[in-house]
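Residue strings, one per chain:
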Amino acid sequence: MGEYWHSAAILALGLGILSAPGMLPAHALRVNVEADPATMDSIASSDKVANVILKNVYEGFTGERGDGTIVPALATSWDVLSQGKAIRFHLRTGVLFHSGRAFTAKDVKYTFETLLAPESRSGVTAEYLDDVVGAADVRSGKTKELEGVRIIDDHTVEIRFTKPDVLFPIYPIQFMDSGIVAELGPDWMSKASAGTGAFKFKRWRRGEEVDLEANQSYWGGAPKIDGVRFLIVPNLDTALSQYDAGELDVLDVQEAIFRRVLRDARYADQIQKTPRAQSRYLGMNQNLYAPFKDIRVRQAISLSIDRDALIRGLYDGAAYPLNGVITPGIEGFNPDLPALKYDPEKARKLLAQAGYPGGKGMPPIDISCTPPYKDEITYYASQFHRVLGMHVTVNVVERTTFIREMNIGKVAFFPWGWTAGYPDALSYLLEMWYGRSPYNRSQWRNARYDAVIDEAQATVDSRQRFALYHTAEKILMDDWVTAPLPMTAIIGLRKPNVKNVRLTPFGFEPFKDVEIH
Amino acid sequence: MLRSISVPPIFKFILRRMMGMLPILALVLVVTFLAAHALPGDPVQVMLSDHSANLQMALRLRAQYGLDQPLWRQFIAYAVGVLHGDFGLSFLQVGVPVTEVLREAVTISPLLALAALALALPLGTLAGVLAAVRRNTWVDHTIIVVLVAGLSIPNFAIATFLVYSFALKLEILPVAGWGSLEQAVLPVVVLAIPSAAYIARLARTFMLEALQQDYIRTARAKGLRERLVIGRHALRNIAVPLMTSAGVIFGGLVSNAFVVETIFNIPGLGRIAIDSIFARDYPVTMAIVVLFTVFFLFINLAVDFACVMIDPRLRARTLAS
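Since the model is a prediction, treat every value here as computed from it, not as a measurement.

1. Quick word on the overall build of chain A
No. 1: Of the regular secondary structure elements, chain A holds 15 helices and 23 strands.
No. 2: For 517 residues, the compact-globule estimate of 2.2 N^0.38 gives 24 Å, and chain A sits close to it at 25 Å.
No. 3: With the C-alpha coordinates aligned to their principal axes, the bounding extent of chain A is approximately 70 × 70 × 40 Å.
No. 4: Split into buried and exposed, the 517 residues of chain A put 56% on the buried side.
No. 5: In chain A, of all internal contacts separated by at least 6 residues, the share reaching a separation of at least 24 is 68%.
No. 6: Accessible surface, chain A as shown: approximately 21200 Å² in total, 52% of it carbon and sulfur.
No. 7: Counting 59 positive and 63 negative side-chain charges, chain A places the centres of these two groups 4 Å from one another.

Right, here's the structure in full:
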């Protein structure tokens, strides 16, 4: 029987030699991610993990800082023309792709065309191009050439839209090397890196880690670390143990271990915490439940939620109050909105005025959610019963079934959220509440609101635009369309010897300035 | 045809058993396919999540995955694909073939299981035999207590304790991962403990039974040294019943491996199976079920083959038919 152990040991040793740490960057930052990325192709990617990794490898026209301000990246400036129906971009000079080729206007056009081409299997990023002139023709396969993009010279490109789209510069479109497919074929992803970012894609060992190495010719200055290693650790307790043992430098603290981390004094000076750029709300579909049509009922429901208790109790402090639909750290956020106070007396009075004193006469209703939120809706159901006398049944539905039912507009009462796709409030206002948006889950329609949004999309001046955002948000809040719910926190841990790791409402900033002492 | 060529009966035995596996395989394919399609949750929602409200993308994905075809046609495509080793595309890793997702994991899990078995088998047999031979002494009682502990304490508790002691406190072993020899120590040990305990219990029972037999009394009467009595005669006779339990032992090893792989972050089939279930990545789950079924069928065949080779009585009976 001893021989088997020998063979197994030799095999294991062989495996160990094959994956020797000698091939990995010596002074690399080690971070955890919760799963393999679905793909490392910036065109096809749609998932969260791929985003976290790719934003270190690719860049777009702009980037954003932690406080929400937009900074130029591959576009140093732009001119908005024709009342927002065209934008001329001035691209940064002296930028090289990881292949050594220069970044020029043709790469911008190539990226757009690849995103729209039907055979590219592109992810959600392609949606941002829908308003570019000629986009529909490329999508349908009628042509490969995107009509709305005009290359003026190597560092100037003009883009025309079918309707004003002043936010185009801040959309998260990542520019890729137009020469890479010609050089390496359709399988280039496993062999090379096609971005301009501070780190180059080096290797992906499925199930284990994704390795990036430093880009020494990065236009913003070479990173001070040799690379970044994203270790794939699905189990958060294991990841926390690895952080304790020094096998991780930075920990992305997911919800499963919030409590452990927040309550442990050891981590107190290593914690970074920020509200998440996710607008959470309690959806009330007025078409599916008659009492929701009355504004007093909606207001009563919102006032009977004790948000402070929710943050302290259910979330253990890992949440922030939200008084509107625009979250902090996003351009257009209104810090002056009145705080939503818990007011059971007023709620009861409103409900009585609406004709349902003590909840009498209200048909029973289900409050539905996906499994992760079942504790939360149990709280709501019991609260609405206790304060208002409503009969609310908790209905926990498997995620994909839930989404399918929402897609056909069958869900009446539900907590949900929308994560901002780009650092501007329009991401919320347009996708969540605009009449024709497919993501308008409450199916609320208001012509005045839509008009304000249409106007905002064409308003170039930021201050005027933000004023329009505030107007739109006020329409929503005055109509008590929804009950805003507390935002969850994004929490990170970093070792004391690791500097310049920054956490934003969108997650960790790209690691280009990080130093390990 | 088979009668004219003189095929050794042992090959006929193997061939017959392999033909018997085919209907089981076909059944597994049908059942996993139907089960995956009966489950709640549309693949398109899995892939696109909230963005599945975008009808264009939803339609495109549906066509790419062949989900717009009638069910029977999807099954034929699936079955034909499996016979060619193509298990379709993953839902979670959009556009990636399932075989690509499983490629490296397929080598890791069997290695882990084998290493654990290589540790558990000698350890368990030794403990069981010792307990039986020194029956009702303090040796026997101690071993039984340890056995029961090994079987009763959940493996995640054992794992947590070992990780805490060796990785966090003493810092002589890494917390998780796979690839170096040190990373293999804790997972293999944690995986081996329940199997070793089970094997020890079986060995003890079989040994006690064997020691009551007449041939043992004869061997002792002949004047044989006790070590030979146990080592040569008794041990050989418990080999067959132990091996017959190999199927159960391997089943236990596989289900424990799922937990061990999750705790120690080993990218094996177990962890991928669990992750794929939670992520609703049905093609991957189905592929793993089919793989494990084939695996178990071959284990059973190997065990039967080994038993026939070791035990002359079985050999005669089986090959005569």
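After that view, the rundown keeps rolling.
2. Comments concerning the pattern of salt bridges
All names here are of chain A.
No. 1: The final tally for this structure, using the stated rule, is 36 salt bridges over all chains.
No. 2: Residues Glu 376 and Arg 280 are paired through a salt bridge, measuring 3.2 Å at the closest nitrogen-oxygen approach. With Glu 376 in helix 11 (residues 374-388) and Arg 280 in strand 13 (residues 278-284), the pair connects residues that are 96 residues apart, well separated along the chain.
No. 3: Assessed through its relative accessible area of 2%, Glu 376 is described here as buried.
No. 4: Between Asp 478 and Lys 474 there is a salt bridge whose closest N-O contact spans 2.9 Å. Pair noted here: Asp 478 and Lys 474 are both in helix 15 (residues 462-478), with a separation of 4 residues, about one helical turn.

3. Section: the domain arrangement of chain B
No. 1: Looking at chain B, the domain boundaries give domain 1 (9-101) and domain 2 (108-267).
No. 2: Summarising the inter-unit geometry, the C-alpha centres of domain 1 of chain B and domain 2 of chain B are found 37 Å apart.

4. Things to note about the nonpolar core
All names here are of chain A.
No. 1: Grouped together as the largest cluster of nonpolar side chains are 105 residues, with contacts concentrated most on Phe 61, Phe 112, Phe 168, Leu 429 and Phe 511.
No. 2: Taken together, domain 1 (59-196) and domain 2 (278-489) each give at least three residues to this core, which thus spans both.
No. 3: Ignoring any residue separated from it by four or fewer positions in sequence, one finds Phe 511 in contact with Leu 29, Val 31, Asn 56, Phe 199, Ile 225, Val 228, Phe 230 and Val 501.

5. Considering the interface of chain A and chain B
No. 1: Each side of the interface is counted separately: chain A has 48 residues, and chain B has 42 residues.
No. 2: When chain A packs against chain B, the two sides together hide about 3800 Å² of surface, and 56% of this comes from carbon and sulfur.
No. 3: Taken as a group, A:Arg121, A:Arg206 and A:Thr400 account for 15% of the area that chain A buries against chain B, more than any other trio of residues on that side.
No. 4: Across the chain A-chain B interface, the total number found is 0 salt bridges.
No. 5: At the junction of chain A with chain B, the criterion picks out 4 residue pairs in polar contact (both at pLDDT 80 or more).
No. 6: The set of elements that each furnish at least two residues to the side of chain A that touches chain B consists of helix 1 (2-18), helix 6 (236-244), helix 12 (399-407) and strand 17 (413-419) of chain A.
No. 7: If you tally residues by element for the side of chain A that touches chain B, the top one is helix 1 of chain A, at 9 residues.
No. 8: The class makeup of the residues in the side of chain A that touches chain B is 23 nonpolar, 13 polar and 12 charged.

6. Focus: the pairing of strand 17 of chain A
Residue and element names in this part refer to chain A.
No. 1: Here strand 17 lies mainly inside the structure; 6 of its 7 residues are buried.
No. 2: Of the strand pairs in this sheet, strand 13 and strand 17 are connected by 7 bridges, and their pairing is antiparallel. Each residue of the ladder has a partner; that of Leu 282, found in strand 17, is Pro 415.

7. Side note on the packing of helix 6 (residues 105-133) of chain B against helix 12 (residues 246-263) of chain B
Residue and element names in this part refer to chain B.
No. 1: Relative orientation of the contacting elements helix 6 and helix 12 amounts to 120°, with a least axis distance of 10 Å. Helix 12 is crossed by helix 6, and the crossing has right-handed handedness. Packed against helix 6, whose contacting residues are Ser 109, Leu 112, Ala 113, Leu 114 and Leu 117, the element helix 12 presents Ile 249, Phe 250, Leu 253 and Glu 261 at the interface.
No. 2: Looking at the contact of helix 6 with helix 12 residue by residue, the class counts come to 7 nonpolar, 1 polar and 1 charged.

8. Overview of the confidence of the model for chain B
No. 1: Confidence along chain B averages 84 in pLDDT terms, with 97% of residues attaining 70 or more.
No. 2: ipTM for the predicted complex: 0.76, alongside a pTM of 0.84.

9. Some remarks on the side chain of A:Arg139
No. 1: Here A:Arg139 is to be found in helix 4 (residues 135-140).
No. 2: Polar side-chain contacts of A:Arg139 include one of 3.4 Å to the backbone oxygen of A:Ala126.
No. 3: Within the local environment of A:Arg139, its side chain forms a polar contact with the side chain of A:Asp130, the two groups lying 3.1 Å apart.
No. 4: With sequence-adjacent residues up to four places away left out, A:Arg139 is seen in contact with A:Leu116, A:Pro118, A:Ala126, A:Glu127, A:Asp130 and B:Gln56.

Rules behind the numbers
In this numbering scheme, every chain counts its residues from 1 along its sequence in written order. The lettering of chains begins at A and the numbering of ligands begins at 1, in the order of writing. Per-residue local features are limited, in this predicted model, to residues with pLDDT of at least 70; the limit for side-chain atom pairs, both in listing and counting, is 80 or more; totals at the level of whole chains, interfaces and linings are taken over all residues. As a rule here, side-chain values come from all non-hydrogen atoms in the structure, and water together with hydrogens is ignored. Helix numbering and strand numbering both begin at the N terminus, where a helix is a DSSP run of H or I of at least 4 residues and a strand a DSSP run of E of at least 2. Using C-alpha atoms as the atom set, the radius of gyration is obtained and then compared with a globule rule of 2.2 Å times the number of residues to the power 0.38. Relative accessible area decides the class of each residue, using a 1.4 Å probe on protein chains only: under 20% of the type maximum gives buried, over 50% gives exposed, and in between gives partly exposed. Any two residues whose heavy atoms approach within 4.5 Å at even a single point are treated as in contact. A 1.4 Å probe and the Shrake-Rupley method give the accessible areas. Residues count as covered only by the protein chains that appear here. Positive charge is attributed to Lys and Arg, negative charge to Asp and Glu, and no charge count is given to His or to the chain ends. Just so you know, the charge point we use is NZ for Lys, CZ for Arg, CG for Asp and CD for Glu. Any carboxyl oxygen of Asp or Glu that lies within 4 Å of a side-chain nitrogen of Lys or Arg is treated as forming a salt bridge with it. Domain limits in this description derive from either an automatic procedure or a database domain assignment. What we call a nonpolar core is a set of buried Ala, Val, Leu, Ile, Met, Phe, Trp, Tyr and Cys residues that are connected through their side-chain atoms within 4.5 Å. The quantity reported as buried area is the accessible area (1.4 Å probe) lost by two parts once they are put together, taken as the sum for both. Contacts described as polar in this section are N or O atom pairs within 3.5 Å, which, within protein, must combine one atom able to donate a hydrogen with one able to accept it, while residues neighboring in sequence count only if both atoms come from side chains. Each residue gets one label: Ala, Val, Leu, Ile, Met, Phe, Trp, Tyr, Cys and Pro are nonpolar, Asp, Glu, Lys and Arg are charged, and the others, such as Gly, are polar. Between any two strands, at least two bridges found by DSSP are needed for them to pair. A fitted line through C-alpha atoms serves as each axis, taken over the contacting stretch for helices, and the angle formed by two N-to-C directions is quoted from 0 to 180°. Should the near helix be turned anticlockwise from the far one by less than a right angle, the crossing is left-handed, and should it be turned clockwise, the crossing is right-handed. pLDDT measures the predictor's confidence residue by residue and takes values from 0 up to 100.

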